[in-house]
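Residue-level structure breakdown
If you want the building blocks of each chain, they are given just below.
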Amino acid sequence: MNSPSLVDTTPDTAMTAPSRGRLVYRHRWPIRLMHWINVIALSILFMSGLQIFNAHPSLSLGNRSDPGKEILALDARMGADGKLVGVTRIGRHEFVTTGVLGVSAGPDGQPQVRGFPSWLTIPGPRWLAMGRQWHFFFAWVFVLNGLCYLGYSLATRHFQRDLVPTKQDWRGIGRSIVDHIKFKHPHGEEALRYNILQRLAYLVVILVFGIGIVLMGLAMSPRMDAVLSPLVEAVGGRQSARTIHFIIAWGFVAFVLIHVFEVIITGAFNQLRGMITGWYRIDETPTPGEAGEATENRHD
Amino acid sequence: MTDRRSFLRLAIGGAASLVLAGCDRISESSWGPKVLNKAQGLNRRVQALLAPSSAMAKEYTEADLSPVFRSNGTAMPTTPAYQALLANGFRDYRLQVGGLVDRPMSFSIDDLKQIEQVAQITRHDCVEGWSAIGKWHGVRLSHVLDKVGVQAKARYVVFHCYDEMDPGEPYYESVDIPEARHPQTLLAWGLNDKPLPIKNGAPLRLRVSRQLGYKQAKYIARIELVDSFAHIAGGNGGYWEDYGYEWYAGI
């Protein structure tokens, strides 16, 4: 069951600078392309999504948005000095968030009533119709790209091989958690393999966040609800679907922050090169013949 | 390493603000919205495939009704024609139905009530994001269309309204024939067992339960059957459509 060697060592690096490790072809081009399309689509979806959210900057549960029953609201009130005060309400707790949430600078620099600030929304000014155009266009990019990714990685067994945890992975979960807390990362060949937390994170993001956010988006569509109403009712109603859509969007943000953090502490340059050109350096000098013996190392 | 780090930081910060400015430029360009708008046709076709035109919107129970059914857009039309009707309790109101029909007719609210009286409890989803549930009383639009006889070349039903969003810019909306003939598409004169409140569109409003709120034209004065709405107002089939919102408001 040995697959052919997929580890290439560039001759020049391997011969001229063996002490710096060797370059390994880690990510195939379709995965790299789909990764970066996803970066663009998710960024635009997130920011145009906040533009749409700003048209009704609060969240409710159930099917209705009854005033006074919001679980989250970005609001504004007039302060004693006649200046606008931005207010964020979570349940019954109220926080003053002037400048960022509720009230922030408009196009003219003056404080303006708006949920999220203009530097977080596409377009910058309040423009719901245009925010929707961006959102739905890139929703299609996200969905089609995601379907291509699933099809490709299932067909090439990347998904089953690199993402689905093995029994051994599960047994090592305790150690992996400790290693992550200590920011200790594997080196050499071991760095090429996704660890258990990485596998679980990717699986949750792809299968739960990815599919979930699309379904919750569709559950907000009145036309789709004619056939999706069992799903809508299962999550509590259309406003619940909207709330879950919002929470998953921030779940993606949390994932991206952790993902980028891990990329930086494990070598931003090397990781970026890996995802742009495919070539990733492992800090280990190859022993003769090792490249030939290595099995699947490519993570795509 | 610090060089690399500050370079990265600069690059990321610079790229982000460039992308944002770029997105705003694209939004204001002539070609950008046209490209983005391609998604609208895709939404309409795919949604028609997944949720066929016969699919029914969920009907709720009395327990699900919103305590207060909020009003959006116009809450009190100021046009003289509307004010005159209001002063007389809408007794002189006549719904005009014309255009590509065999028999142009006009109907009082009582005429409509004689055709049939149905009720439905459906959810209203605003493009802004909020939802409300109301019990609507009215007549199926398809029955009114049958009375006047729709000509074969008619493709859209246009609703001309009494309210002006800006002086000289009356509200209007349009739906296609399949949507107009959907059994849940009503001309509604009542809300929650009472006559339609003024803020919700008295004396008559449209209910198309599988589309967003801006489709649900209030204060309907006249219904016109057309083969194209390109010649009406901004030519996009509705007041908000002329301001860049999608004609197909199923999502």
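Residues numbered from 1 in each chain as written. Chains lettered and ligands numbered in written order. Predicted model: local features only at pLDDT ≥ 70, side-chain atom pairs only at ≥ 80, totals over all residues. Heavy atoms only, no water.

Here we look at the domain arrangement of chain A
Residue and element names in this part refer to chain A. Domain assignment breaks chain A into domain 1 (11-28 + 156-293) and domain 2 (58-115). Look at where the C-alpha atoms of domain 1 and domain 2 centre, and you get two points 35 Å apart. Across the boundary between the two partners, domain 1 contributes 10 residues, which contact 10 residues of domain 2. Taken over both partners, the interface formed by domain 1 and domain 2 buries close to 730 Å², and the fraction arising from carbon and sulfur atoms is 47%. By the criterion of area lost to domain 2, the three top residues of domain 1 are Gln-239, Arg-242 and Thr-243, representing 59% of everything that side buries. Remark: the boundary between domain 1 and domain 2 carries 0 salt bridges. In this structure, the connection of domain 1 to domain 2 is made through 8 residue pairs in polar contact (both at pLDDT 80 or more). Among the secondary structure elements, those contributing two or more residues to the side of domain 1 that touches domain 2 are helix H8 (225-234) and helix H9 (238-265). Split into classes, the residues belonging to the side of domain 1 that touches domain 2 amount to 2 nonpolar, 5 polar and 3 charged. (Domains from an automatic or database assignment. Contact = heavy atoms within 4.5 Å. Buried area = accessible area lost by both parts, 1.4 Å probe. Salt bridge = Lys/Arg side-chain N within 4 Å of Asp/Glu carboxyl O. Polar contact = N/O pair within 3.5 Å; in protein donor to acceptor, adjacent residues only side chain to side chain. Helix = DSSP H or I, 4+ residues; strand = E, 2+ residues; numbered from the N terminus. Nonpolar A, V, L, I, M, F, W, Y, C, P; charged D, E, K, R; others polar.)

A short note on the side chain of Arg223(A)
Within the fold, Arg223(A) resides in the loop between helix H7 (196-218) and H8. In contact with Arg223(A), other than residues within four places in its own chain, are Gln47(B), Ala48(B), Ala51(B), Pro52(B), Ser53(B), Glu179(B), Arg210(B), Tyr248(B) and Gly250(B).

Some words on the pairing of strand S7 (residues 111-114) of chain A
All names here are of chain A. The sheet contact formed by strand S6 (residues 102-105) and S7 spans 4 bridges and is antiparallel. The residue of S7 that forms the bridge with Ala-105 is Pro-111. What sits between the antiparallel neighbours S6 and S7 is a turn of 5 residues, in which Gly-109 has the positive phi angle 85°. (Pairing = 2+ DSSP bridges.)

Observations concerning the side chain of Ser48(A)
Here Ser48(A) lies in helix H2 (residues 29-54). Those residues in contact with Ser48(A), other than ones at most four positions away along the chain, are Ile122(A), Gly131(A), Trp134(A) and His135(A).

Side note on the sheet that holds strand S3 (residues 72-78) of chain A
Residue and element names in this part refer to chain A. Pairing is antiparallel in the open sheet, where 4 strands are placed in the order S2-S3-S4-S5. A single partner strand is all that each edge strand has here, and the edge strands are strand S2 (58-59) and strand S5 (93-96). When strand S4 (residues 84-90) meets S5, the two strands line up antiparallel, connected through 4 bridges. The partner of Val-87 across the bridge, within S5, is Val-96.

Considering the pairing of strand S10 (residues 220-226) of chain B
All names here are of chain B. Of all 7 residues in S10, 6 are buried; the element is thus mostly enclosed. Bridge count for strand S1 (residues 95-99) against S10 is 4 bridges, and the pairing is parallel. Considered in S10, the bridge of Gln-96 is made with Arg-222. Bridging between strand S5 (residues 156-166) and S10 involves 6 bridges; their strand directions are antiparallel. Within the sheet, the bridge partner assigned to Cys-161 lies in S10 and is Ile-220. (Buried < 20%, exposed > 50% of the residue type's maximum accessible area, 1.4 Å probe, protein only.)

Examining the packing of helix H3 (residues 128-155) of chain A against H7(A)
All names here are of chain A. Running from amino to carboxyl end, H3 crosses H7 at an angle of 145°, the nearest separation of the two axes being 11 Å. Judged by the sense of rotation from one axis to the other, the crossing of H3 with H7 is left-handed. Together, Phe-142, Val-143, Tyr-149 and Leu-150 of H3 and Ile-206, Gly-210, Ile-213 and Val-214 of H7 make up the contact between the two elements. Classifying every residue of the contact of H3 with H7 by side-chain character gives 7 nonpolar, 1 polar and no charged. (Axes fitted to C-alpha atoms, helices over the stretch in contact; angles between N-to-C directions. Left-handed = near helix turned anticlockwise from the far one by under 90°.)

Quick notes on a nonpolar patch on the surface
Taken together, Phe183(A), Val256(A), Val260(A), Phe261(A), Ile264(A) and Ile265(A) make up a surface patch of nonpolar side chains, about 500 Å² in accessible area. Along the chain, Val260(A) turns up in helix H9. (Patch = residues over 30% accessible without salt bridge, like charges linked within 9 Å, V, L, I, M, F, W, Y side chains within 5 Å. Areas by Shrake-Rupley, 256 points an atom, 1.4 Å probe, with all protein chains shown as cover.)

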